[in-house]
Structure formats: structure tokens, C-alpha cells
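Each chain, written out:
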Amino acid sequence: MQRRSFLAGSLAALVGTAVLGWRFWPQGRQPLLLSARDNTAGEHFAVGYTLSGEQLFATQVLERCHDICMHPLLPLAVFVGRRPSTHSYLIDLQTGQLLQTFTTPANRHFQGHAVFDAQGEHLYSTENDTDEPGRGVIGVWKLNSAQRLQRATELSSFGVGPHQLLWMPDGETLVVANGGIRTESGSREELNLDAMEPSLVLMNTAGACLSKEVLADSMNSIRHLAVASDGTVIAVQQYQGDWQQRIDLLAVKRPQQAFQVFPVAEQQRSKMQQYAASVAIHDELRLVAMTAPRGARVFIWDLDSAELRLDAPFPDCAGVAASAEGFIVTSGVGRCRAYDCRSTNIRMQPLSLPAGRWDNHARLV
Amino acid sequence: MMLKKIVYGLAGVSLLACSNSGDPYQQTSAALGEQVIYQAHQQWQASNQQLVSSAQAFCQDGQDLTQTRDDFLHAQHAWAALQPLLIGPLNEGNRAWQVQFWPDKKNLVARQVKQFLKANPEPSLADVDRGSVVIQGLSAYEYLVFDPEIDLGDAMQKQRYCPLLQNIAVHQQQLADEVVGQWQGQDGMLAQLTAFPNQRYAEPLEALTAILQAQVISLDGLKKKLGTPLGRTSKDIVQPYQAQSWRSQASLSNLSAEVESALALWQGVDTHSLRSLLTTEHAELVKQIDAAYLQAQHELAAFKQPLSELLQDEQQRKALFTLYESFDRLHRLHEKEVARALGVQLGFNAHDGD
């Protein structure tokens, strides 16, 4: 088998649909929902629940986490520290045991997202170089035989303030959302709102920049990504400028095409309050779902035609992940919900999971 | 109008009957939804209908400026009363900005009205609908009928400004009709506060969370609306032109309207209220909140002059700072203590996302 086709096959589970980790999760068992979550006392946890509400683990961590990345072969996941945290957490998904709290080198902090490569040998994390505030770094970590992550090297993200990164279907190309915002060590304060530099970068693991594209408005911070198995990339934005501006918050890069606006009707755009949180693609159904917690709306569109499929209220909606039937969406204040998208009329069902305090991202195993 | 109210009222009766589940959270959500929040929306809608008639009568020389200003103040008061009740359709799609533009640090209202009229000397309703939210709402209307730069007693000026005045009123009425329409019907907002699960709320606690959150945002807003002109954010240098409704000198009466609506949620109707959801173990908290509302009401009632005049008097400024502390107490008690007592999480990703 050619290395490229092997990687592409392995990566199928790492892009798009994102019902991940099938190699270890027993067939027929309820999917496992992974997320960061707080308790009522404001303590922070890495949690795993079945969709029927059974808690598999709730492991306390030092600070709020953001995204979760699954190991492709082993029952391991990294709960990535929310910026400007310098800590991330390697968790055993079968027991919830915290295997390792690993920290960034001096003058670096995590930006909330990371991905394992297809072999599960390396982890790539977005980081901020606080020596040169905002300079984007991709930290490269090696998972050793003792199941510990060690810093191997780092690459440039070719931009400022990198946030989410994902693999393209070839398994060798990373797509990076450079948010464009400079921040300093230990801070979330934006230093350059008048001179932001958001960009969407395609790069390889050798550290070469393959392409770098921008949107029309430099205050439109490119934050979160979803990648379909055909290589279509959806990016969602958080606009840092005036609330009155008519700014598109979704963009798409289709194979062999330029990065461009994903068309959204004004009726939906105006409900987003300039802030998109999470995005997910359902590969089989060719749908894209996005949460807008400030506008308290969840949206679903046809990925190919951009036809609106759902525009529904959902207070403080947060993480979104593709499920077999459609999407699972979590909430900071209410019950998590399942959206069954298999028929024309999308049906919503509240889930029997603990309500509220779910953080920005969710992953399904 | 009366017939409309009766029809809505009957619709409400049936909805309340549907909600008779014995779940106090569900009953409270339904009761507050129908008898406090929806009713306030209807009053706002009615005030906008009156605003349309008023603008038309004034522009056809059938009404004087004093009455026109009173009708505006009535609409503005109804809008202020809605602030602690901003859940659902009015809180979506930047609709609230179409009604009032505040804070207005750069006097955009005056600047944009001038620019708009330069580009559209006789603006149609379509021009207003297409325009910036700054020129669509009550803030622009207030500028037209109260600003010292404009003299609507002068026939030439009246002719110049009347098309905009009338079309703002119609825009407001259409907005109110659209919003109130979305409260009605099987899948309307009122039904969503009554029967669970629905597309908006999975359970009554989520609806109560939304209600409490709107109340808390409003109480926080009271602090900003008073604190900004008081100079709390500008080294104690008073900023009278940064006050909400400074042109119509209605800043304090707007604050009173907001406090009364926040109190209406707290006291509720019959036995259904945020207050009654707190158990006997929270008796001390109930006492503190009752006292905090009473204190704020008394302090507000004691002011007899407009805010702009009070700001110029050292003693009165002290009294305004005391009122600010009362608003802060109310805000903290609701945001921290009531939320905790009800088991409500107020915002998470929406306020502190990434």
C-alpha cells in the first residue's frame, strides 16, 4: 500500500464526521462524548459520558480545557488547555486516569487545539510565542513507548495567534486557522485589534507553507475549522469589530478553489452576534453545523449547496460533533441536544446528560 | 385593540391550562411568560401603534409638539420596561438595536440622522428599513422631537423632518408587530415558555435560566446607564451627554421602569414568581432582595429633577452614587445568590468563549 493511501485511510476517521476512535470503542456501545466541563463550584474537569448519560470519567484538571484530540489507535485523548494555559492533559479513556500533565516550553502557551498524526506518534498543538507575542507556533510532541508526550520540535504556523488546526485528508497537510490576534503571556487581552492578521494556512509537517489565504476584513478572526473527507474546509470566524458591520462568519475552501465566503442569508447572519463558536461536518449527510452561543442559535446547512437546513434557538450552545444520525450539541447553560438530520425535517431530542457548564468543544468516540 | 387583547388573553388561558403540570419551575415560566413578559411586549406594541398615530397627527398639524413628545415618552417608557424581559425574538437578530441606540459615545444618532437626510431628503419607509439601525429607532425619534438643534415648531423644519419621523414610527410598529407575532401560535415564544421540551428549551429550568439571565443583564445595565453619566468610568468626571435618553430627560424614569419590571419578575403573579421558587432555607435571601428593591424604588422616587441637573449638584451626585450601590446590590443578589439558589448557570461560553 502506498504511504499516501494508507495515511488517507487512517485519516478518514480524523477529519469530517469525527466519530472517532472506533478501533478501541466496542461495537454496539453508545458513543462516548468527550468534553471539558466545569462543576457548580467552578472546578474544571475532563469528562467522558455515554450519550445515554452514563459517566465514564470526570477527571479534575488544573484549568479550563478547550478541544480534545483522540489518539487514532489507542484509548488515549489529550484535553488541550484553553489559552493562555501552559498545561494540557493526556487521559486514559477507559479509566479516566490522568496519565500526564504536560506543559509548554518557556515562552509558549497552548491555544486550545491539537491533533495527533495518523500513526499516533506525534501530537501537533497550536501555541503562542510570548517572546514575540502572537507569533504562531505549532508545537510538535512525540508520544513515547511509556505513553508520555515529550516536546520534539516546533514549526511556524505562518501567521499570528493560531487557534484550531486539523489534518487534510492526505494526512500530511495541516490546515491552520491563524486567528490574527496578538496576546501576551498569561493574558487573553487583544493587543492588535487595529492591525489583526488572520489567515488560513495549509502547511506540511516538514514546516513548509503550501498556501496562505485571507478574508476581506482583517478584524474577522478565523478560529475554528472542520474538514470533509473530500478536502472541503469550513472555517468559522469571530469578528472583533463593530457589531453593526455586516460580516460573514463562515468561509469555505473547496478543493482546488480559493478560500471564500460560505453564503449565509442575512436572516441567519444577523442572529450570530458576530461570534461563531464551534463547527462540525457530517461527511455522509454532507452537512455543516455551527454554534453561535452569543446569539443562542445552532445552524445546519447543506455543505455543497449552502441551503439552510436548521436555524434553531439553543441557549449558550457550545460544542458540536457529528453523530451517526446528525449532530450532538452541548450547552453551557442547558441540556445537550441531539439533532437527527436523516430526514428533511431535522428533529431535536434533549439528551440525558448533565445540564450546563459544557465547554466550547465536544468530540464523539 | 381591545378585541385583540381579549383574544390574546384567551390564548393565554389555554396555554396556562396546558402548563398545569405541578412542576413549579414550569408553572413559573408559564405564568411569568404570559402575565409579565408577554403583557409587556403587548404594551410596547400598543405604544408603537400610538406612536404611528401621533407622528401622523403631528405632521398633519392635528396635534401639538407637547403631545407628540408625550407619546414618544410613553413608547420609550414601554421599551425601558421591556429591558429585564428581553428574551426570545426581540433578543435575536440585532432587533433591540433597532429600537434604541445606546451607548452613543460619538453622538452617532445626530450625525447619522443628518447624513441620512442629506442622502434621502424625503425618506420613504423602504429607505428607513434599509438604513442603519441608528436612524431606525426611538433614539433617532428622540433626537428629532427633543434635540435643541431642531425646532419642529418651525414649519420648514417640520416639513423636512416629518417624513423620517413618521417612517421611524411605522418601522417601530412593524418591528413590534413582527416580534409579538412570534410570541403567538403553537410554536410561538409563549408556548415555548409553557410546554416542554420544545425547540428552544429542553426543560423548564432552561426557560427560567433565560428569564433570570435577562433580568440580570438588565440589572447590570442599570449600573452602566447610571454609572456612565456619573463618571464612574471616566475618573468621576460627569458625562451628562452619555446618559441614556438625555435629550428627553427621561433617564431616571427609564431606570424606574426597568426596576419595576425586574421587580415584576421577582414578585410574579399569584403564587408564581422567582421569589416563590426559593425555599424556606433561602428566607434571608428573600428578605434581602425585597429590601433591595424597596431601597432602589425609594431612592429613585426621591429624585425630583432630571439626571442632567442632578449631576451638577454635589449632594445629589452622592445620592446618585448611593443609588448605584443599590443597583449593584440588586445585581449581585440576582446574579450570584438567586442563580445559585435556583440551580441556574448564567452564561458560560457566550460570555467567556474562545
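The structure this text deals with has already been given above.
Let me sum up the structure you'll find in this document. (Residues numbered from 1 in each chain as written. Chains lettered and ligands numbered in written order. Predicted model: local features only at pLDDT ≥ 70, side-chain atom pairs only at ≥ 80, totals over all residues. Heavy atoms only, no water.)

Quick word on the state of the cysteines
What counts, and what does not: Put simply, a disulfide is two cysteine sulfurs that come within 2.5 Å. In this text, helices come from DSSP runs of H or I with a minimum length of four residues, and strands from runs of E with a minimum of two, each type numbered from the N-terminal end. For the exposure calls, accessible area comes from a 1.4 Å probe over protein chains only, and a residue counts as buried if that area is under 20% of its type's maximum, exposed if over 50%, partly exposed in between.
What the rule picks out here adds up to one disulfide over all chains. The partner cysteine of C59 of chain B in its disulfide is C162 of chain B, sulfur to sulfur 2.0 Å. One disulfide, between C59 of chain B and C162 of chain B, carries an S-S torsion of -95° and so falls in the left-handed class. Highlighted residues: C59 of chain B in helix α2 (residues 24-59) and C162 of chain B in helix α8 (residues 155-183), separated in sequence by 103 residues. On the basis of relative accessibility, which here comes to 7%, the residue C162 of chain B falls in the buried class. Free of any disulfide, C65 of chain A has its nearest neighbouring cysteine sulfur in C69 of chain A, separated by 11 Å.

Re the interface of chain A and chain B
This is how the line gets drawn: Between two residues, a contact is recorded if the distance between any of their heavy atoms is within 4.5 Å. By convention, the term buried area covers the 1.4 Å-probe accessible surface removed from two parts as they join, with the contributions of both added. Salt bridges are counted wherever a side-chain nitrogen of Lys or Arg sits within 4 Å of a carboxyl oxygen of Asp or Glu. Any pair of nitrogen or oxygen atoms within 3.5 Å is treated as a polar contact; in protein, a donor-acceptor pairing is required on top of that, and neighbouring residues in sequence qualify only through side-chain atoms on both sides.
At the junction of the two partners, chain A supplies 36 residues and chain B supplies 28 residues. Carbon and sulfur atoms supply 46% of the area buried between chain A and chain B, which totals about 2,700 Å² over both sides. The three residues of chain A that bury the most area against chain B are W243, V333 and R357 of chain A, which together make up 21% of that side's buried surface. At the junction of chain A and chain B, the tally comes to six salt bridges. The shortest N-O distance in the salt bridge between D354 of chain B and R223 of chain A comes to 3.3 Å. Here chain A is connected to chain B by 17 residue pairs in polar contact (both at pLDDT 80 or more). Going through the elements one at a time, β16 (220-227), β23 (308-313), β27 (347-350) and β28 (358-364) of chain A are the ones with two or more residues in the side of chain A that touches chain B.

Examining the sheet that holds strand β6 (residues 87-92) of chain A
Residue and element names in this part refer to chain A. How we decide: At least two bridges found by DSSP between two strands is the condition for calling them paired. Orientation is described by lines fitted to C-alpha atoms, with helices fitted over the stretch in contact, and by angles between N-to-C directions that extend from 0 to 180 degrees.
The strand order β4-β5-β6-β7 describes an open sheet built from four strands, whose pairing is antiparallel. Of all the strands in the sheet, just β4 (65-70) and β7 (98-103) have a single pairing partner and so form its edges. Across the sheet, the mean angle from the axis of one strand to that of its neighbour is 20°, orientation sign disregarded. Where strand β5 (residues 76-81) lies against β6, four bridges are found, and the strand directions are antiparallel. Along β6, the bridge assignment pairs F79 with Y89.

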